[in-house]
Amino acid sequence: MANNKSAKKRILVNAKKSERNRYYRTRIKNIVKSVHEAVEASDKAAATTAFATANKNIHSLVSKGFIKKTTAARKVSRLHKMVNKIA
């Protein structure tokens, strides 16, 4: 248990940050999953729409500083390849 004021504050701040990080991690997973589901269903229109949403949301997380630019580019690139494979 924390005894001094700064340690108590650190506990509160860490709890808040971990909750926010969990929210964003889950959000990324759900975004990617929606694109995967559309691709597996071979629905080009739904996949394109889901990809556009995913691209926007992933890059917004970059501007918030949650993920790095290169990580976002890699995720978007992989999703784009999947969407383009649909005939």
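Residues numbered from 1 in each chain as written. Predicted model: local features only at pLDDT ≥ 70, side-chain atom pairs only at ≥ 80, totals over all residues. Heavy atoms only, no water.

A. Representation of the packing of aromatic side chains in the model. Scanning all chains against the criterion turns up two aromatic pairs. A ring pair is formed by Tyr24 and Phe66, whose centres lie 5.2 Å apart and whose planes are at 50 degrees; its orientation type is tilted. Of this pair, Tyr24 sits in helix α1 (residues 5-40) while Phe66 sits in the loop between α2 (44-63) and α3 (69-85); the two residues are 42 residues apart in sequence, bridging distant segments of the chain. Relative accessible area serves as the criterion here: at 13%, Tyr24 is assigned to the buried category. Members of the aromatic cluster, joined through ring pairs, are Tyr23, Tyr24 and Phe66. (Phe/Tyr/Trp six-rings, centres within 6.5 Å; stacked < 30°, edge-to-face > 60°. Helix = DSSP H or I, 4+ residues; strand = E, 2+ residues; numbered from the N terminus. Buried < 20%, exposed > 50% of the residue type's maximum accessible area, 1.4 Å probe, protein only.)

B. Region of interest: the environment of Thr49. By the element assignment, Thr49 lies in helix α2. Taking the relative accessible area as the measure of exposure, Thr49 reaches 51% and is therefore exposed. In this structure, the C-alpha to C-alpha distance between Thr49 and Arg27, residues 22 residues apart in sequence, is 17 Å. A polar atom in the side chain of Thr49 sits 2.9 Å from the backbone oxygen of Ala45. (Polar contact = N/O pair within 3.5 Å; in protein donor to acceptor, adjacent residues only side chain to side chain.)

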